[in-house]
Amino acid sequence: MRQLTFSIFRFNPNIPGDKPRMQEYKLEEQDGMSMFVALTKIREELDPTLMFDFVCRAAICGSCAMLINGRPRLACKTLAKNMPSRITMMPLPVFKLIGDLCVDTGTWFKDLQIKTEAWVHTNKKFDPKALEEKMDNEVAEKIYEPDRCVECGCCVAACITANIRDDFIGATGINRVARFMLDPRDERSDADYFDVVGNEEGTFGCVGLMGCDDLCPMEIPLQENLAYVRRKMAAAGLKLQFQGVKVS
Ligand code: SF4
Ligand code: SF4
Ligand code: FES
């Protein structure tokens, strides 16, 4: 088995005077070793101060995303056997650094839910006695695709626009909007969505280089969903202009 060298970003902003640096650790590779297992071994056997996030260890919670050899990836889904023997680990850019490899994706995604109004908008009165409404399987499956997002932040970290504009909602945000556009229970019109996403913070801020689509660990069809929202918003923008509404 190979010896692996990990070069890991270290910085704790809560320790006065602490400086960002790279620290090296060496480990024997093991069968089936993931980057999450390697980090746990480093923390248990070499350095208990190392900070990194995880919950599920199964690519479900999205909390272990980081830059591994320069690419945003989930540590629990990245296997040592697919990596060279020298591995660098950095925290995801864009998000606020908590320390070492931990970033605060939670606040970013909470703000995104508010900004994109990520809930079903309906004027129907709630009737607690009503039977559950049925949905066609085909429609449910369409909604399920964008809904598979685990909010890991890999697409945001990979996005050139998100790296230079902190108000950009990223592929995950546009994907979230697509999810509600596809949902027949949501009564918002395209003009309503235009207010939310028809701007530079949303679909028109995207430069379309598709780093997000290549790097999503859940393989969500981001390219397709971005194109779907962009087409709808371009049409809605034109319609609003014909109606004499000023579109910025
Ligand atoms: S295609 Fe758009 S959302 Fe995706 S990485 Fe590029 S700019 Fe960002
Ligand atoms: S769209 Fe993919 S890469 Fe982006 S946050 Fe969701 S799961 Fe992560
Ligand atoms: S620990 Fe949950 S996605 Fe990696």
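This text follows the structure it describes.
A quick note: this is a predicted structure, and the numbers were derived from the prediction, not measured. (Residues numbered from 1 in each chain as written. Chains lettered and ligands numbered in written order. Predicted model: local features only at pLDDT ≥ 70, side-chain atom pairs only at ≥ 80, totals over all residues.)

1. Comments concerning the sheet that holds strand S2 (residues 21-28)
Part 1 of the argument: Pairing in this open sheet of five strands is mixed, and the strands run S2-S1-S5-S3-S4 from one edge to the other. Both outer strands of the open sheet, S2 and strand S4 (71-74), are each paired with one neighbouring strand and no more. In this sheet, neighbouring strand axes are inclined to one another by 35 degrees on average, regardless of whether the strands run parallel or antiparallel.
Part 2 of the argument: Taken together, the eight bridges between strand S1 (residues 3-10) and S2 define a ladder with antiparallel strand orientation. Residue pairing in the sheet places Leu 4 in a bridge with Leu 27 of S2.
Part 3 of the argument: Along the sheet, helix H1 (residues 35-46) makes contact with S1, S2 and strand S3 (65-68), crossing S2 at roughly 95 degrees. (Pairing = 2+ DSSP bridges. Helix = DSSP H or I, 4+ residues; strand = E, 2+ residues; numbered from the N terminus. Axes fitted to C-alpha atoms, helices over the stretch in contact; angles between N-to-C directions. Contact = placed C-beta atoms within 7 Å.)

2. Regarding unusual backbone geometry
Part 1 of the argument: The backbone of Asn 69 shows a phi angle near 45 degrees, a positive value even though the residue is not glycine.
Part 2 of the argument: Tracing the chain through its elements places Asn 69 in the loop between S3 and S4.
Part 3 of the argument: One non-glycine residue with positive phi stands out, namely Glu 151, at about 55 degrees.
Part 4 of the argument: One can find Glu 151 in the loop between helix H3 (137-147) and helix H4 (154-157).

3. Quick word on the site of ligand 1
Part 1 of the argument: In the region of ligand 1, 13 residues are neighbours, and Cys 159, Ala 171, Cys 206, Gly 211 and Cys 212 sit closest.
Part 2 of the argument: Taken together, the elements giving at least two residues each to the shell around ligand 1 come down to helix H5 (160-164), helix H6 (170-181) and helix H8 (211-215).
Part 3 of the argument: Residue composition of the shell around ligand 1, by class: nine nonpolar, four polar and no charged. (Near = placed C-beta within 6 Å. Nonpolar A, V, L, I, M, F, W, Y, C, P; charged D, E, K, R; others polar.)

4. Examining the site of ligand 2
Part 1 of the argument: Around ligand 2, the structure places 15 residues, and the nearest of them are Cys 149, Cys 152, Cys 154, Cys 155 and Cys 216.
Part 2 of the argument: Secondary structure elements with two or more residues in the shell around ligand 2: H4 and H6.
Part 3 of the argument: The leading source of residues in the shell around ligand 2 is H6, at three residues.
Part 4 of the argument: For the shell around ligand 2, the class distribution of residues is 10 nonpolar, four polar and one charged.

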